[in-house]
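Descriptive analysis of the structure
Residue-level listing of the chains:
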Amino acid sequence: MTVTENVPVPSASPAPVPPLAARARSIGGSPVRDILAVTARPEVINFAGGLPAPELFDAEGIAAAYRDVLAELPARALQYSTTEGEPSLRAALAARTTARGLETGPDDLLVTTGSQQALSLLATALLEPGDTVLVESPCYLAALQAFGFAGARVVAVPGDEDGIDPEALEELVLRERPKLLYTVPTFQNPTGRTLPAARRAAVAEVAGRRGLWIVEDDPYGELRFEGERVPWIASYDGARDRAVLLGSFSKVMAPGLRLGWLRAPAALRRACAVAKQAADLHTPTVNQLAAARYLADRDLDAHVARVAAVYGARRDAMLAGLPEALPAGSVWTRPEGGMFLWARLPEGHDTTALLPGVVRHDVAYVPGAPFHAGEPDRATLRLCFVTQTPDEIAEGLRRLGEGLREGLREGLREA
């Protein structure tokens, strides 16, 4: 009998897998996330992230809402839900929106997994590759990412310390034929500025007369420390049939809930719901029901007022320390609310080049260059003032001043 021995046969080298999509190769990651990863050491005072203060979360109230929902509605809370969102949550959100001056019914809303998902859904529903999107300058980073992934051409609208210039907006609409304008008009990220009411009315009028979608992102609007509330752009007549309003619980309840929503005209809202079905079917049911229960049992407005009072004191602490921390000739914003302020060092300074030396002093900021859709202003930077206490802010600014002075001295020696 012949015995055949099993001898391995050398195989050819495996063929390479197909490449990533062009959009995945061309869009970089978030510089903020990259900086947070580098500065995760506990000794670093981090002004880079947009992180709400965790000690101010109403952890007991949120935990009670989850306990009640899981005790009373376990089958519903743990089951699949509708794509549009839990009716009880949409009803509560509609009531809050109406009370703030924009008549809204539950069916006008789509619940999303954070307002960031709303941006992705809108990009899917509205944009073809090559379409033009108008944005503020500077602009929220993750919006630039979302529109970039959709293959859009992103163009910045000129403005000033108050925000978008409506006349410049109209000129760009006529020249570029954009699909939409994206704006964070209240306590903007990254600058902290607020678009005045007269400009909001003018932006709405341009959109109505020239044919333009407006995507109005409002994650920070309830965090007001001073001044009077300004109406949403979506509330002006010219924008009512073409404005999308985005909201979120991330900054007023807790970001870990990942709960946002969009209010949009019916046809666009339905298109976003179809896009959401393809993305995640629906936002987690238990989170939605817990948020609805929290709104029913607790006073969210009172909680937000307490948070805003603390944040206002922290803003004041940062404003008090900036003259000593930043080089002579620097300027910065004084936001009436929100989480961020924007600073500009004198001409010729590069905050990206200065950052590594600053991090060696155990403090961090976000350079301003990535926030620009067009030519970046390399002398700018963003500071978040809500995560640390006033004492920590004072120490962080002391370190920031030392790091900047050392970096500027080294730059002069190299020059």
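Residues numbered from 1 in each chain as written. Predicted model: local features only at pLDDT ≥ 70, side-chain atom pairs only at ≥ 80, totals over all residues. Heavy atoms only, no water.

**Here we look at the sheet that holds strand β14 (residues 366–367)**
For the record, the criterion: When DSSP finds two or more bridges between two strands, those strands count as paired. What counts as a helix is a DSSP run of H or I of at least four residues, what counts as a strand is a run of E of at least two, and both are numbered from the N terminus.
The strand order β11-β12-β15-β14 describes an open sheet built from four strands, whose pairing is antiparallel. Of all strands in the sheet, those bounded by a partner on one side alone are β11 (331–332) and β14. Here two bridges tie β11 to strand β12 (residues 340–344), and the two strands are oriented antiparallel to one another. Within the sheet, the bridge partner assigned to W332 lies in β12 and is A343.

**Thoughts on the pattern of salt bridges**
Quick note on the threshold: The salt bridge criterion pairs a side-chain nitrogen of Lys or Arg with a carboxyl oxygen of Asp or Glu, the two atoms within 4 Å. Between buried and exposed lies partly exposed: a residue is buried under 20% and exposed over 50% of the maximum accessible area for its type, with that area taken using a 1.4 Å probe on protein chains only.
Per the counting criterion, the structure on display carries 32 salt bridges. Its salt-bridge partner being E395, residue R399 comes within 3.0 Å of it at the nearest N-O pair. Taken together, the positions of R399 and E395, both in helix α14 (residues 390–414) and four residues apart, correspond to about one turn of that helix. A salt bridge links E402 to R398, with the nearest nitrogen and oxygen atoms 2.7 Å apart. Taken as a pair, E402 and R398 lie in helix α14 at a separation of four residues, close to a single helical turn. Its relative accessible area of 33% is what places E402 among the partly exposed residues. Connected through salt bridges with shared partners, the residues D68, E72, R293 and D297 form a single ionic network.

**Notes on the nonpolar core**
So the rule is basically this: The term nonpolar core refers to a set of buried residues drawn from Ala, Val, Leu, Ile, Met, Phe, Trp, Tyr and Cys, joined through side-chain atoms within 4.5 Å. By definition, residues are in contact when any of their heavy atoms lie within 4.5 Å.
With 97 residues, the main nonpolar core has F147, Y182 and F249 as its most contacted residues. When residues in this core are grouped by element, the largest group, nine residues, is from helix α12 (residues 300–325). Setting aside anything within four residues of it in sequence, one finds Y182 in contact with L119, L134, V135, E136, C139, Y140, A143, F147, V215 and D217. Among the nonpolar cores identified, the runner-up in size contains 22 residues, and L102, A207, A243 and L245 belong to it.

**Looking at the sheet that holds strand β7 (residues 180–183)**
The cut-off we apply is this: For every element, the axis is a line fit to its C-alpha atoms; helices are fit only across the contacting stretch, and the angle between N-to-C directions ranges from 0 to 180 degrees.
Taken together, seven strands build an open sheet; the order of strands is β2-β10-β9-β8-β7-β3-β4 and the sheet is mixed. Each edge of the sheet is formed by a strand with only one pairing partner; in this case those strands are β2 (109–112) and β4 (153–156). Geometrically, the sheet is characterised by an average inter-axis angle of 20° between neighbouring strands, direction not taken into account. By the bridge criterion, four bridges tie strand β8 (residues 213–217) to strand β9 (residues 243–248) in an arrangement that is parallel. Residue pairing for β9: I214 is matched across the bridge by A243.

**Structural notes on the packing of aromatic side chains**
Here is the rule: Side-chain rings of Phe, Tyr and Trp (the six-membered ring for Trp) are treated as a pair once their centres are within 6.5 Å; stacked means planes under 30 degrees apart, edge-to-face means over 60, and tilted covers the remaining angles.
All told, the structure shown has five aromatic pairs when counted by the stated rule. For the ring pair F225 and F385, a centre distance of 6.1 Å and an interplane angle of 70° mean the geometry is edge-to-face. With F225 in the loop between β8 and β9 and F385 in the loop between β15 (380–384) and α14, this residue pair connects regions lying 160 residues apart in the sequence. Overall, the relative accessible area of 0% leaves F385 in the buried class. Judged by centre distance (4.9 Å) and plane angle (65°), the ring pair of F249 and W261 falls under edge-to-face. Of this pair, F249 sits in the loop between β9 and β10 (260–263) while W261 sits in strand β10; the two residues are 12 residues apart in sequence, bridging distant segments of the chain.

**Brief notes about the pairing of β4**
Quick note on the threshold: Handedness rule for crossovers: strands pointing away from the viewer, path from the first strand over the helix to the second running clockwise, crossover right-handed.
Bridge count for strand β3 (residues 132–135) against β4 is four bridges, and the pairing is parallel. In the strand pairing of β4, L134 is matched with V155. Between β3 and its parallel partner β4, the chain crosses via helix α7 (residues 141–149), and the hand of that crossover is right-handed.

**As for the environment of R240**
To keep it simple, the criterion reads: Pairs of N or O atoms are called polar contacts if they sit within 3.5 Å, as long as, within protein, a hydrogen donor faces a hydrogen acceptor (for residues adjacent in sequence, only side-chain-to-side-chain pairs).
Its place among the elements puts R240 in the loop between β8 and β9. Given a relative accessible area of 42%, R240 falls into the partly exposed group. Placed 24 residues apart in sequence, R240 and A264 show a C-alpha to C-alpha distance of 9.2 Å. Here R240 is in contact with L102, A234 and S235, once residues within four sequence places are set aside. There is a polar contact of 3.0 Å between the side chain of R240 and the side chain of D237.

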